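Observations on the three-dimensional arrangement
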Amino acid sequence: MRKKKRKRLFCIPLFVSLLSFSLFGAQDLEALLQSLYAVYAPCGGEENLAGLIEQKVLPKGEWKKDNLGSIYLSLEDGEGYTACLVPMDEVGYIVSGKTTDGYLRLDRIVPADSYNDTFHPGHPMLILTETSSVSAVLALPSLHIFPRSQRDSLEGLFSLENFFLDIGASEEEDIKKRGVRLLDPVLPVHDWSVLAGKKRAGYGLGKRACCAVLVQTACKTVVSTASSDATFVWMAQTCFYHRSSRPRTSIGALRSSRILKNEKILILEAVPVNENADFLSLGGGPILVQGRQSGALATSLQEMAKEGNIPLQHLDFFSSSLTPPFEKDSRDVIVLGIPVKFSGTPAEVIDLGDAEAMAGLLEGFLAKRRQP
Amino acid sequence: MIKTKMVIFWVVALLLIPGIQAQNIPNKSPWDWLQELVLIPGVSGKEGKVADTIQKALPPGFEVKRDDSHNLWFTKGAGKPHIVFVAHTDEIGFLVDKITPSGRLTVKGRGGFFPKMYEGHAVHIYTSRGRIEGVVVPRPKGKEDNISPYQMSDVEIYLGVSSGEEALELGVAEGDSVTIKKKLIFLRPDLLCTRAVDDRAGCAVLLAAAWRIEWDKVEGKTVSFVWDVQEEIGLIGASRMAPHLQGDIVFPVDTFVSSDSPLDDKRFAYLPLGAGAVIRAIDSSNITPYPFIHRVRLIAEKSAIPVQLGNTRGGNDGSVFVPEGAVDIPLSWPGTYSHSFIEKIHKQDLEALTDLVIALVRDW
């Protein structure tokens, strides 16, 4: 009897937390984002994040997966109307070689440029092995050993060609013992920073915030109605481009475009905010990017923002690799962006207020769509 | 009733006695102390918190002295020679220089390092109201290829505010110290990478040794342990302590910058990590006379302590004791990635160094 009571008591907080997550998601967006941010999703290795997303969406819907790793949640009449898509993956590296003295050489997983590379020497990295993860640091020259006259030029060593990953091994055999193999993904360690107000910073945080918004929206949509017509997609391999497509097209988005039949495509994406541009701002609300083919979808979102008093910023053009495959099929495509400062660096800054506004807008839009 | 009271008395007493013992003899290794000490902020000129921690952690009954710049020391024994061990509590970092009208912070560097390491990374700012977080503004994409190296004057910290007034509301003030967000990165259980190993490892060694040395058996010599300040900006704390202490032998305990790393030339300063403590015989500030090196080696050998011998670059606190008449014998551990956020140290080297300090106090 006592045991049963204890079991029940144990279950109550769990039930309450699940219920509050489902019903009062907006308050928990930061917690949700933090939990998603704790998971690494290298391009081509998004399965852990995909698994967590499937767990988070309560109650679970009917999930499908394509063979690139993207996951699809289609509600009752999902194929009829809007598909909301978001990228899951992040830019990183792979183990490309081993040295006899125990260091690892790296290569980029995706065509990230030298800009990204320069931020990582002298910082922690994480190797995702088949069974676990291995802590590492990216070597840099020892300051004292070089004469002062040479120190300025040492910054030239902060490049991919000089990347040596240190896992504390002293020979190749040690590397093997640690379970590290060629092609294992290597990523900068995620570091969640709390800035003033609702500003938060971290590597790849913009995209992950979009992921969290879609998880929350999916939860609310699934919970709050018996019938809906949305499809939610968390895309894998969006950092990787289809070789022969022009303009530059994400392979993950291209695959999704072949699978989805929806007429309306709403893509959530991180949109860089230029330091010197005064027309877009962090904290100014989500950014509605109206492409050449934006039509009724953009109008609906604008009306919804107005009705709900949700701040919305506007951008005429944004070079996205996610939209081209959908635009080719003459669908109604728009990008709803989260403004991101210092995009592509370990210090990407977002404003949680923008993410909350984006979630509110999306939830309102999908709810309105369901009205008879 | 009386019986119950007696039982309560004995239960309480038995619970307290081990507690009291534990308080007097903390079972902490230098490796444990290191992990605690590196996380305390102590940019040159702002070492107060590190000194506080060490002072509180010293064995009870020690007559500890502290000056207004937070140099901290104690002296035991009497007579000649006077042997001084010194480690520095400060670390490289920034001090807030100005708060801009747009609410960003410009900084002044404290010590020598690559400012580039900070670009695009999160930092901690230590205000009078507590610690806050910021990020160092990265240069825009596309510009890094054709511009000069990232300089100290390029460093600007974004706090998430857009005006100077908002920054002030966060409690930030000019002169506040700034460090990278420190992390303990264990490459293996016995191999740690983190910020401020230089010279919290030295501080940890002296702290652990202070607990382990049988001070009542120290006879025919005076021994001082010093935790000094502002080494990174010109051996300032040591310069103040040297004329005051008038040591005969000084053992600065600080990093031996080793080239045991992939981007450094192993023809110079190559001492492997994990092979033992180091006698830093020659560096940029001192040459230790060979007979004294020999004596240290003999003492180490007697206690089977692994010791390496080498020369490297960089100055040491002991060098400012030399004009006062002391012999400077720097002791170290081999460390790589100097003055970075991933300074690397091997547990075995730290333990050997602690054993060496204890042996020198006993046998010198």
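Residues numbered from 1 in each chain as written. Chains lettered and ligands numbered in written order. Predicted model: local features only at pLDDT ≥ 70, side-chain atom pairs only at ≥ 80, totals over all residues. Heavy atoms only, no water.

The next point concerns the side chain of B:His88. Residues and elements named next belong to chain B. Relative to the helices and strands, histidine 88 is located in strand E3 (residues 82-88). Classification of histidine 88 by relative accessible area gives buried; the value is 0%. Within the structure, histidine 88 has its side chain in polar contact with the side chain of aspartate 90 (distance 2.7 Å). One polar contact links histidine 88 to glutamate 231, side chain to side chain, over a distance of 3.2 Å. Apart from residues lying up to four places away in sequence, histidine 88 is in contact with Asp198, Asp199, Cys203, Asp228, Glu231, Glu232, Asp254 and Asp317. (Helix = DSSP H or I, 4+ residues; strand = E, 2+ residues; numbered from the N terminus. Buried < 20%, exposed > 50% of the residue type's maximum accessible area, 1.4 Å probe, protein only. Polar contact = N/O pair within 3.5 Å; in protein donor to acceptor, adjacent residues only side chain to side chain. Contact = heavy atoms within 4.5 Å.)

Bringing the sheet that holds strand E13 (residues 264-272) of chain A into the picture now. Residues and elements named next belong to chain A. Ordered in space as E1-E2-E12-E3-E13-E16-E14-E15, the 8 strands form an open sheet in which the pairing is mixed. Of all strands in the sheet, those with a lone pairing partner are strand E1 (63-65) and strand E15 (313-315), marking the two edges. When strand polarity is set aside, the average angle formed by the axes of neighbouring strands in this sheet is 25 degrees. In terms of strand pairing, E13 meets strand E16 (residues 332-340) through 9 bridges, oriented parallel. If you follow isoleucine 267 over to E16, its bridge partner there is valine 335. In the packing of helix H8 (residues 251-259) onto the sheet, the strands contacted are strand E2 (71-74), strand E3 (82-87) and strand E12 (231-235), and the crossing angle to E12 comes to about 155 degrees. (Pairing = 2+ DSSP bridges. Axes fitted to C-alpha atoms, helices over the stretch in contact; angles between N-to-C directions.)

Once that is clear, we can look at the sheet that holds strand E5 (residues 105-110) of chain B. All names here are of chain B. Here 6 strands make up a closed barrel; going around it, the order is E4-E5-E8-E7-E6-E9 and the pairing antiparallel. For this sheet the average axis-to-axis angle between neighbouring strands, irrespective of direction, equals 45 degrees. As paired strands, strand E4 (residues 93-99) and E5 are joined by 6 bridges and run antiparallel to one another. Directly across from lysine 98, in E5, lies its bridge partner threonine 106.

For helix H2 (residues 29-37) of chain A, every residue scored as buried is listed here: A:Leu29, A:Leu32, A:Leu33, A:Leu36 and A:Tyr37. What you see down the axis of H2(A) is that its buried residues fit within an arc of 130 degrees, all on one side. (Arc of directions from axis to C-beta.)

Turning our attention to the interface of chain A and chain B. Counting residues at the interface gives 48 residues for chain A, matched by 58 residues for chain B. Contact between chain A and chain B buries roughly 4500 Å² in total, counting both sides, with carbon and sulfur atoms accounting for 64%. When the buried surface of chain A facing chain B is broken down by residue, A:Tyr115, A:His144 and A:Ile145 rank first, second and third, together holding 16% of it. For the pair chain A and chain B, the number of links is 3 salt bridges. Our count for the contact surface shared by chain A and chain B stands at 19 residue pairs in polar contact (both at pLDDT 80 or more). Counting residues per element, the ones that place at least two in the side of chain A that touches chain B are helix H4 (114-117), strand E7 (133-138), strand E10 (193-194) and strand E11 (199-201) of chain A. Residues belonging to the side of chain A that touches chain B are distributed by class as follows: 27 nonpolar, 11 polar and 10 charged. (Buried area = accessible area lost by both parts, 1.4 Å probe. Salt bridge = Lys/Arg side-chain N within 4 Å of Asp/Glu carboxyl O. Nonpolar A, V, L, I, M, F, W, Y, C, P; charged D, E, K, R; others polar.)

We now examine the packing of aromatic side chains. Residues and elements named next belong to chain B. Under the defined criterion, the tally for this structure stands at 24 aromatic pairs over all chains. Relative to phenylalanine 225, the ring of phenylalanine 74 has its centre 5.3 Å away and its plane inclined at 40 degrees; by these criteria the two rings are tilted. With phenylalanine 74 in strand E2 (residues 72-77) and phenylalanine 225 in strand E12 (residues 222-228), the pair connects residues that are 151 residues apart, well separated along the chain. The same class applies to phenylalanine 74 and to phenylalanine 225, which are both buried. For the ring pair phenylalanine 94 and phenylalanine 113, a centre distance of 5.5 Å and an interplane angle of 70 degrees mean the geometry is edge-to-face. (Phe/Tyr/Trp six-rings, centres within 6.5 Å; stacked < 30°, edge-to-face > 60°.)

Right, let's talk about the nonpolar core for a bit. All names here are of chain A. Core analysis: the biggest nonpolar cluster contains 61 residues, and Ile53, Phe232, Trp234, Leu266 and Leu268 have the highest contact counts within it. The greatest single-element share of this core, amounting to 10 residues, is contributed by helix H7 (residues 205-224). Excluding anything up to four places from it in sequence, leucine 268 contacts Leu85, Val86, Pro87, Cys210, Val213, Leu214, Leu336, Met358 and Leu362. (Core = buried A, V, L, I, M, F, W, Y, C linked by side-chain atoms within 4.5 Å.)

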